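Inside the fold
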Amino acid sequence: MKLLIFFSSDIYPKGGMLDLVAEANSEEEANNIIQSLLTKNDDPLGVLSWWQIVDRETLQIIKKSEDE
């Protein structure tokens, strides 16, 4: 399954596909990418950042940040 990862280290999204930052082949890989992005942006707890993991085929949100 291909997953799309949307992420922003700002409270406000850039909009749609502009927030697409990566693709992953598994939920575990997607989680690792998100954790890396949170750490890289000095927000390891995800306080200011938001993210979504989306199934590429169905466009359904698989997992998302809590404050979204």
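Refer to the structure printed above.
All figures in this text were calculated on a predicted structure; none of them were measured in a lab. (Residues numbered from 1 in each chain as written. Predicted model: local features only at pLDDT ≥ 70, side-chain atom pairs only at ≥ 80, totals over all residues. Heavy atoms only, no water.)

1. Examining the nonpolar core
The biggest cluster of nonpolar side chains holds 11 residues, and these are Leu3, Ile5, Phe7, Ala22, Ala24, Ala30, Ile34, Leu37, Leu38, Trp51 and Ile53. Counting residues per element, the ones that place at least two in this core are strand E1 (3-8), strand E2 (20-24), helix H1 (27-40) and strand E3 (50-55). What Phe7 contacts, discounting residues up to four positions off in sequence, is Asp19, Val21, Leu37, Leu38, Asn41, Ser49, Trp50 and Trp51. (Core = buried A, V, L, I, M, F, W, Y, C linked by side-chain atoms within 4.5 Å. Buried < 20%, exposed > 50% of the residue type's maximum accessible area, 1.4 Å probe, protein only. Helix = DSSP H or I, 4+ residues; strand = E, 2+ residues; numbered from the N terminus. Contact = heavy atoms within 4.5 Å.)

2. Some remarks on the pattern of salt bridges
Inspection of the entire model under this criterion finds 2 salt bridges. For the salt bridge of Lys2 with Glu23, the shortest nitrogen-to-oxygen distance reads 3.9 Å. Highlighted residues: Lys2 in the segment before E1 and Glu23 in strand E2, separated in sequence by 21 residues. By relative accessible area, Lys2 is classed as partly exposed at 37%. You can call Glu23 partly exposed: its relative accessible area is 38%. (Salt bridge = Lys/Arg side-chain N within 4 Å of Asp/Glu carboxyl O.)

3. A look at unusual backbone geometry
The phi angle at Leu59 is positive, at roughly 60°, despite the residue not being glycine. Along the polypeptide, Leu59 turns up in the loop between E3 and strand E4 (61-64). Owing to a relative accessible area of 58%, Leu59 belongs among the exposed residues under this scheme.

4. Things to note about a nonpolar patch on the surface
The grouping of Ile11, Tyr12, Leu45, Val47 and Leu48 at the surface amounts to a nonpolar patch, some 630 Å² of accessible area in total. Residue classification places Leu45 among the exposed positions, given a relative accessible area of 78%. (Patch = residues over 30% accessible without salt bridge, like charges linked within 9 Å, V, L, I, M, F, W, Y side chains within 5 Å. Areas by Shrake-Rupley, 256 points an atom, 1.4 Å probe, with all protein chains shown as cover.)

5. A look at the environment of Lys14
Within the secondary structure, Lys14 sits in the loop between E1 and E2. Distance from Lys14 to Leu48, taken between C-alpha atoms, is 14 Å for residues 34 residues apart in sequence.

6. A few points about the pairing of E4
The side chains of a regular strand alternate between both faces of the sheet. Bridge analysis of E3 against E4 gives 3 bridges, and the strand direction is antiparallel. Considered in E4, the bridge of Gln52 is made with Lys64. Connecting E3 to the next strand, E4, in antiparallel fashion are 5 residues, including Leu59 with a positive phi near 60°. (Pairing = 2+ DSSP bridges.)

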